[in-house]
Amino acid sequence: MKGQRVVVLGGAGFVGSHLCERLLEDGAAGVVAVDNYITGDERNVAHLRGRAGFELVRQDITEGLSVDGPVHYVFNMASPASPIDYAKLPLETMRVGSLGTENGLKLAQAKGAVFLQASTSEVYGDPHVHPQREDYWGNVNPIGPRACYDEAKRYAEALTMVYARSYGVQTRIVRIFNTYGPRMRLNDGRVVPAFVGQALRGEDFTVFGDGTQTRSFCYVRDLVDGLVRLALSDVTEPVNIGNPREMTMLEFAEAVRAAAGGGGQIVHKPLPKDDPKQRRPDITRARQLLGWEPRVPLEEGLRETIAWFRSVAGRGPTP
Ligand code: NAD
Ligand code: UDP
């Protein structure tokens, strides 16, 4: 990305802020973060303000998007991403996945830029194929409580392919699996901040259902490396980026307890509707086409994440 000017939609979010940081480290000539802070936080990029080439623009990308000057890459990371967030913001989620994605694609088209769409493992729904390969079409409930997110992302993938096939835009699609790290919101409801917060406060771990459902957790630095490699490649088909180490939520609670050095008992809470029973990426495509695989072991990633949550313990909630 050296010498390139890059637009990051959703740049003040968890993943977007790490991406902005990495792009600047790589010597990007400019990084324009665009965000309306609906689930993000200006403080995530506060340390980048004043760095040469970094710009932060407050804009709802469903309402329009214009960026002056040359743009070489557009990364679309904008969307509420945690089940609690998109349950609270269902229309905003559908609109950013549809209208917001189209505005991002039009910007890339106008600038001759490469467009990278952040999709999700949720396009596989509650999968019948395990682990999930990119050629699996998924098992999504189109009218369930998660549909506003899953279907918006499926639409965004379809729209991205239309702009590639019919309008010649250079596109990339990444299917991101559960990712964690510093700058997640403590109260976003996802299992990593939930368990870490509970461990730090010495509270019980709230395991939904019987806790035998599985996930695979990727550290954010590994994810961002995959995003950059994909953007720089010529791979137009979707690519899974995630960590194939799979564990049950009961095992994950124990891993957080060990890393945080504490935590209470396991208490079971109702399993949310349509909660996928298993999830693990098949990353053969990322390995073969991008030379990518995750490097950060869970124990190390959890240590860094916990240290960060400790460091912001006294900080106010996201505005
Ligand atoms: P996040 O909520 O921290 O970041 C999303 C950012 O997009 C926020 O800063 C938010 O304010 C911004 N945004 C939302 N709607 C917008 C709009 N209309 N205009 C401008 N900005 C808007 O979530 P995240 O975890 O960083 O996720 C980033 C992307 O990665 C999302 O597209 C998400 O679907 C995808 N993803 C993340 C994960 C994960 O585990 N973190 C997994 C799969 C996919
Ligand atoms: N989960 C849990 N306790 C919590 C939050 C989540 O047991 O306090 C479970 C949730 O039911 C799911 C898994 O952890 O099976 C991952 O949930 P998350 O919301 O992080 O992401 P998802 O993969 O479901 O989008």
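Up top you'll find the structure we're talking about.
Bear in mind that the values here come from a model prediction, so they are computed numbers and not experimental data. (Residues numbered from 1 in each chain as written. Chains lettered and ligands numbered in written order. Predicted model: local features only at pLDDT ≥ 70, side-chain atom pairs only at ≥ 80, totals over all residues.)

A. Layout of the nonpolar core. Among the nonpolar cores identified, the biggest contains 75 residues, and Val-8, Val-74, Phe-75, Phe-195 and Leu-227 are the most heavily contacted of them. The element contributing the most residues to this core is helix 6 (residues 220-232), with seven residues. Those residues within four positions of Val-74 in sequence are excluded, and the remaining contacts are Val-7, Leu-9, Gly-104, Leu-107, Ala-108, Ala-113 and Phe-115. If you look at the next biggest cluster of nonpolar residues, it comprises seven residues, including Met-94, Cys-148, Tyr-149 and Ala-152. (Core = buried A, V, L, I, M, F, W, Y, C linked by C-beta atoms within 7 Å. Buried ≥ 20, exposed ≤ 12 C-beta atoms within 10 Å, placed from the backbone. Helix = DSSP H or I, 4+ residues; strand = E, 2+ residues; numbered from the N terminus. Contact = placed C-beta atoms within 7 Å.)

B. A look at the packing of helix 5 (residues 191-201) against helix 7 (residues 249-260). Between helix 5 and helix 7, the shortest axis-to-axis distance is 10 Å and the interhelical angle comes to 45 degrees. As far as their axial angle goes, helix 7 and helix 5 are oblique. Two packed elements cross with a definite hand, and for helix 5 against helix 7 that hand is right-handed. Where helix 5 abuts helix 7, its residues Val-191, Phe-195, Val-196, Ala-199 and Leu-200 lie against Met-249, Phe-252, Ala-253, Val-256, Arg-257 and Ala-260. Broken down by class, the residue content of the contact of helix 5 with helix 7 amounts to 10 nonpolar, no polar and one charged. (Axes fitted to C-alpha atoms, helices over the stretch in contact; angles between N-to-C directions. Parallel < 35°, antiparallel > 145°, perpendicular 65-115°, else oblique. Left-handed = near helix turned anticlockwise from the far one by under 90°. Nonpolar A, V, L, I, M, F, W, Y, C, P; charged D, E, K, R; others polar.)

C. Representation of the site of ligand 1. Around ligand 1 sit 28 residues in total, of which Gly-10, Gly-13, Phe-14, Thr-39 and Gly-40 are the nearest. Put simply, the parts of the chain that give the shell around ligand 1 at least two residues each are helix 1 (14-25), strand 2 (30-35), helix 3 (90-111) and strand 5 (114-120). Here the shell around ligand 1 takes three residues from helix 1, the largest share from any one element. Broken down by class, the residue content of the shell around ligand 1 amounts to 14 nonpolar, 12 polar and two charged. (Near = placed C-beta within 6 Å.)

D. Structural view of the site of ligand 2. The full set close to ligand 2 counts 16 residues, and Arg-190, Val-191, Ala-194, Thr-206 and Phe-208 are the nearest of them. The dominant element in the shell around ligand 2, judged by the number of residues it contributes, is strand 8 (residues 205-208), at three residues. Here the residues of the shell around ligand 2 sort into eight nonpolar, five polar and three charged.

E. Summary view of the sheet that holds strand 1 (residues 5-9). The strand order across the open sheet built from seven strands is 3-2-1-4-5-6-11, with neighbouring strands paired in parallel fashion. Every other strand in the sheet has two partners, leaving strand 3 (54-58) and strand 11 (239-241) as the edge strands with one partner each. Averaged over all pairs of adjacent strands, the angle between their axes in this sheet comes to 20 degrees, without regard to strand direction. Bridge count between strand 1 and strand 2: five bridges; the pairing is parallel. By the bridge assignment for strand 2, Val-6 is matched with Val-31. Against the sheet, helix 6 touches strand 4 (73-76), strand 5, strand 6 (170-176) and strand 11, its axis set at about 160 degrees to strand 6. (Pairing = 2+ DSSP bridges.)

F. Structural context of the packing of helix 5 against helix 9 (residues 298-311). Remark: helix 5 packs on helix 9, axes separated minimally by 11 Å, with the N-to-C direction vectors making an angle of 65 degrees. Crossing handedness for the pair helix 5 and helix 9: right-handed. Counting all contacts with helix 5, which are made through Val-192, Val-196, Gly-197 and Leu-200, the residues of helix 9 involved are Thr-305, Ile-306, Phe-309 and Arg-310. Partitioned by chemical class, the residues of the contact of helix 5 with helix 9 number five nonpolar, two polar and one charged.

G. A look at the environment of Asp-85. Position of Asp-85 among the secondary structure elements: in helix 2 (residues 83-88). Between the alpha carbons of Asp-85 and Gly-189 there is a distance of 8.0 Å; along the sequence they are 104 residues apart. Apart from the residues within four sequence positions on either side, Asp-85 is in contact with Thr-39, Pro-80 and Asp-188.

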